[in-house]
Structure formats: structure tokens, C-alpha cells
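What follows is the residue order along each chain.
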Amino acid sequence: MRVLLVEDNKPLLRALRQGLEEEGLAVDIAEDGEVADQKARTTNYDVIVLDLMLPKKDGLTILKGWRANGINTHVLVLTARGSTEDRVTGLDSGADDYLTKPFELDELLARLRALIRRGHHVKDPVIRVHDLTLDTSSRTVKRSGKSIHLTPKEYALLEFLAFHQGKVVTRTMIWEHLWDEHDESVSNVVDVYIRYLRNKIDRDFKPPLILTRWGEGYMLRGEADTAEPAESGEAMS
């Protein structure tokens, strides 16, 4: 999933970015309120992590502006302002969650995972698709009870497909949610990762779960879906 990290403290920004990327998230950054505002209005993020005390434009001001303009991206406020009054003000201004500094990275990651699930209307941290299970808390995957090792990017792609189970997602949708603004991967990188997933998820199991909809995109087989996929490893035309 793709996150906008808004923080003007450079050492903290670097540490958080590393931690989020190790979790498999695509991370864009902004070090002041104006840049954050511009990016949030032009990119469809899954979650925004927002410091309140920012140069040029403060966090509460831009948060209120986003909500007034119909930007519904989930926002987790991350700030040193920890009083009850500050929490109430942040939540009443449109924040979806509020975490005060100092904090533990594990708690931040857990809160982000919860917001991402909420954004896809998924409450159970364990997603089940036929005989495939994804535990979004531990980021583990099993099929027919057999553990399957995935790289962070492979897991992120499978999770994205699982959140849209039974629905087609385009290459563009996948790219926009799984790769950040600075990524220079080749144009067929989505097809490459689909092939990686098929080799791990489908090769030794039936039925195949990762389907190609020619000219449209990819999908994870829904419970009622009986259509057969394209040949494993084939790119879309």
C-alpha cells in the first residue's frame, strides 16, 4: 500500500521511512505543509501519516482543507501534542487516528494496518480466499495449510489483490498503490510480480487463484468465480 509520510524532523523522517518500507509499504515523503497538501491532492494514498507542527502550513490547517474538499484518505496524526484537548481537536478536525510522540514503531505499523483494512472495508486481520489465508498482522501467507514465503513486494501485491477479491484491478491501480513516486522500475514490473506470485501461489495448487482479464487487468478469484485464468506467466495484451 502507498503512504504519504509528512514529517519535518529529518532523522525521524529517515527512520520512519525505512521502517515503513521494510514493512513493504510504498512511501512518499513531505517535509512541509505545502508539499504535503499538494501531494495529497494529486495522489490517491491509502494512508497519510501527518505531523501537526510543520513549516509553511500547519497540519491541522491542511487536514481541515482536505476534508472540506472531499479528500477522504485515512489520516493518522503523529505529533508531540498529547493532551486530551489536542487529541479531541485532531480527531474533530478529520483525523482517523492519533498517535503521540514518543511512540513504538510496532504500534504505528499496527495502526496503519488497521486503517488500510478499514479503507478496504475489511475488519478481520486474516483474509481467506478459497484455501489461501493472509494474516495481515503477521504478514504471513498459507495455502492449503502450507506456509508460502513472499518478499515484501510480493506480499503487498497479493494483499492488494485480496482486498479487491473478485474484482479486476488494472496495472495502473497496482502501480499507483505499490510503488512510490521515485521508483524507476521498468514498465512491465507489474506483470513480472504477477508471474512471481503465480509461481508461488498457483503452481502447485488447484484451482488457480490469480486470474487475468485480458485488456482489463488482474484479479484474485472470488468465491463464486469459476472462469479460468490465462496461462501462468502470460502478460496482458
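Shown above is the structure to which this text applies.
Small disclaimer: the values here were computed from a predicted structure and weren't measured.

Visitor: Account for the sheet that holds strand 1 (residues 2-6), with residues named and values stated.
Guide: An order of 2-1-3-4-5 is seen for the 5 strands of this open sheet, with the pairing classed as parallel. Looking along the sheet, the strands with just one partner apiece sit at the ends: strand 2 (26-30) and strand 5 (97-100). Across this sheet, the average inter-strand angle for adjacent strands is 20°, counted without regard to direction. Of the pairings in the sheet, the one linking strand 1 to strand 2 comprises 5 bridges and is parallel in character. Looking at the pairing, Leu4 lines up with Asp28 of strand 2.

Visitor: Lay out the nonpolar core in plain terms, naming residues and giving numbers.
Guide: Counting 50 residues, the largest nonpolar core has Val141, Leu158 and Ile174 as the members making the most contacts within it. With 8 residues, the top contributor of residues to this core is helix 6 (residues 152-163). Discounting chain neighbours no more than four positions away, the residues touching Val141 are Leu132, Thr133, Leu134, Lys146, Ser147, Ile148, Leu150, Tyr155, Leu158 and Ile201. One finds Ala36, Tyr45, Ile62 and Trp66 within the second-largest nonpolar core, a separate group that totals 19 residues.

Visitor: Which residues make up the packing of helix 2 (residues 33-42) against helix 3 (residues 59-68), and what values do they have?
Guide: Taken N-terminus to C-terminus, the directions of helix 2 and helix 3 make an angle of 20°; their axes are 10 Å apart at the nearest point. Here helix 2 lies roughly parallel to helix 3, going by the angle between them. In the packing of helix 2 onto helix 3, the handedness of the crossing is right-handed. Of the residues in helix 3, those in contact with Gly33, Ala36, Asp37, Ala40 and Arg41 of helix 2 are Ile62, Gly65 and Trp66. Partitioned by chemical class, the residues of the contact of helix 2 with helix 3 number 4 nonpolar, 2 polar and 2 charged.

Visitor: Please provide a residue-by-residue account of the pattern of salt bridges, values included.
Guide: Under the definition given, this model contains 17 salt bridges. Close ionic contact of Lys101 with Glu7 constitutes a salt bridge, the shortest N to O distance being 2.9 Å. With Lys101 in the loop between strand 5 and helix 5 (105-119) and Glu7 in the loop between strand 1 and helix 1 (10-22), this residue pair connects regions lying 94 residues apart in the sequence. Assessed through its relative accessible area of 2%, Glu7 is described here as buried. Note that Arg41 is salt-bridged to Asp37, the shortest N-O span being 2.7 Å. Separated by 4 residues within a single helix, Arg41 and Asp37 lie in helix 2, roughly one turn from each other. With a relative accessible area of 10%, Asp37 lands in the buried category. Put simply, Glu7, Asp51 and Lys101 are held in one network by salt bridges that share partners.

Each value, and the rule that gives it
- Residues numbered from 1 in each chain as written.
- Predicted model: local features only at pLDDT ≥ 70, side-chain atom pairs only at ≥ 80, totals over all residues.
- Heavy atoms only, no water.
- Pairing = 2+ DSSP bridges.
- Helix = DSSP H or I, 4+ residues; strand = E, 2+ residues; numbered from the N terminus.
- Axes fitted to C-alpha atoms, helices over the stretch in contact; angles between N-to-C directions.
- Core = buried A, V, L, I, M, F, W, Y, C linked by side-chain atoms within 4.5 Å.
- Buried < 20%, exposed > 50% of the residue type's maximum accessible area, 1.4 Å probe, protein only.
- Contact = heavy atoms within 4.5 Å.
- Parallel < 35°, antiparallel > 145°, perpendicular 65-115°, else oblique.
- Left-handed = near helix turned anticlockwise from the far one by under 90°.
- Nonpolar A, V, L, I, M, F, W, Y, C, P; charged D, E, K, R; others polar.
- Salt bridge = Lys/Arg side-chain N within 4 Å of Asp/Glu carboxyl O.

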